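A structural walkthrough
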Amino acid sequence: MSDPLATAYSDYLRLRACSPHTIRRVECTLRLLGRILAPAGLAQADGNDIAQLLAAAKAPATRAARHSDVRAFYRWALRRGLVTADPTILIDGIRVAKNLPHPIDQWERVTHATDPDTALMVALGLYAGLRRSEIARLSTDDVHGTYLVVRGGKGGKDRQVPLHPAIRSMLVGRSGRLFNLTPESISRRIKLHLVACGVKATAHQLRHTFGTELARTSNGDLLMIGALMGHSNINTTQGYTQLGGDRGAAAVAAMFADDAA
């Protein structure tokens, strides 16, 4: 990062133990803003510069992430007297539609892979709901009896996930770090396997499938689903119960039963 403010902010995020993914995203956002401002620095930004940064992103979720990044950055800089004003103050928040998860309908087709590592990656996503970054960090030291300890999840939080029998059998004979791969490499490897199985889906949809199936088997237990998936907001978990819970279907089927009789 060439701008000294951006470098100082990156150091601050590391001090707060923010995830590497978050830090990389923030650095990318500030780098893009720096290009808009060049040759001036980040301290000279105004509302128009921020609006230009946001307008360059097509997806609402990307615009929202960039808005959150620059807002946090300038609030940090303003509190420390590094800038004289917050240029994001007149920029309204970005509305992002809440979409339902996209589970894999034919998940049984993807559970078998000739390569043991690929099979385990798929199983960790499907049967434990792990994100690609969580899979990349996993070691046999994280296996404790019938539980898998997921360390450094989103937001830097750890959590425990019960070991599904399919995963337990795949871990026999393994020791140390499971995969010497980056999260991006793991995502690509799973994607290639899904394509080979004739399934049009992403690696992250294995996690969606886990959440949906868990919602079905737990009858929509929000607290349990959120805890096992590492959600920081219960609103995120609610989307899975809309797909996986059976209570709603049973209630609708029972409507007007007396009249029908």
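Described below are features of the structure shown in this document.

Rules behind the numbers
- Residues numbered from 1 in each chain as written.
- Predicted model: local features only at pLDDT ≥ 70, side-chain atom pairs only at ≥ 80, totals over all residues.
- Heavy atoms only, no water.
- Helix = DSSP H or I, 4+ residues; strand = E, 2+ residues; numbered from the N terminus.
- Buried < 20%, exposed > 50% of the residue type's maximum accessible area, 1.4 Å probe, protein only.
- Contact = heavy atoms within 4.5 Å.
- Expected span 1.5 Å × (residues − 1).
- Arc of directions from axis to C-beta.
- Polar contact = N/O pair within 3.5 Å; in protein donor to acceptor, adjacent residues only side chain to side chain.
- Phe/Tyr/Trp six-rings, centres within 6.5 Å; stacked < 30°, edge-to-face > 60°.
- Lys NZ or Arg CZ within 6 Å of the ring centre and 35° of its normal.
- Pairing = 2+ DSSP bridges.
- Salt bridge = Lys/Arg side-chain N within 4 Å of Asp/Glu carboxyl O.

A few words now on the overall build of the protein. What the protein contains, in helices and strands, is 13 helices and three strands. Along the first, second and third principal axes, the C-alpha atoms of the protein reach 65 × 60 × 35 Å. Taken over 261 residues, the protein has a buried fraction of 40%. Across the protein, contacts joining residues at least 24 apart in sequence account for 61% of those joining residues at least 6 apart.

As a further point, take helix 1 (residues 4-15). For the α-helix, the turn length of 3.6 residues means that residues three or four positions removed from each other point alike. Helix length check: helix 1 (twelve residues) gives 17 Å between terminal C-alpha atoms against 16 Å at 1.5 Å per residue, within 8%. What helix 1 keeps buried is the set L5, A6, Y9, S10, Y12 and L13. Each buried residue of helix 1 lies within a common arc of 160 degrees when the element is viewed along its axis, so the set occupies one face. Exposed side of helix 1, more than 90 degrees from the buried face: P4 and L15 are the residues found there. Its side-chain oxygen placed 2.8 Å from the backbone nitrogen of L5, D3 serves as the N-cap of helix 1. A positive phi of about 65 degrees marks A17, the residue just after helix 1.

Further remarks concern the packing of aromatic side chains. A full pass over the atoms with the stated rule returns six aromatic pairs. Ring pairing ties together the aromatic residues Y9, Y12, F73, Y74 and W76, which thus form one cluster. Positioned over the ring face of Y12 is R80, at 4.9 Å from the centre of the ring.

Sheet architecture is open: three strands sit in the order 1-2-3, paired in antiparallel fashion. Each edge of the open sheet carries a strand with a single partner, namely strand 1 (143-144) and strand 3 (159-162). Where strand 1 lies against strand 2 (residues 147-150), two bridges are found, and the strand directions are antiparallel. Each residue of the ladder has a partner; that of H144, found in strand 2, is Y147.

Turning to helix 11 (residues 234-244), a few remarks are in order. Listed in full, the buried residues belonging to helix 11 are T237, G239, Y240, T241 and G244. Structurally, helix 11 contributes buried residues whose contacts are with helix 9 (204-217) and helix 10 (222-229).

Moving on, we come to the pattern of salt bridges. Scanning all chains against the criterion turns up ten salt bridges. R25 is the partner of D69 in a salt bridge, and the nearest nitrogen-oxygen pair spans 2.6 Å. Here R25 lies in helix 2 (residues 20-37) and D69 lies in helix 4 (residues 60-79), a separation of 44 residues in the sequence. Across the pair D117 and R174 runs a salt bridge, and its minimum N-O distance is 2.9 Å. One end of the pair, D117, is in helix 5 (residues 116-128); the other, R174, is in the loop between helix 7 (165-170) and helix 8 (183-196), and 57 residues separate them in sequence. In this structure R174 comes out as partly exposed when scored by relative accessible area, which is 24%. Each of the salt bridges in this network shares a partner with another, and the network as a whole consists of D11, R14 and E27.

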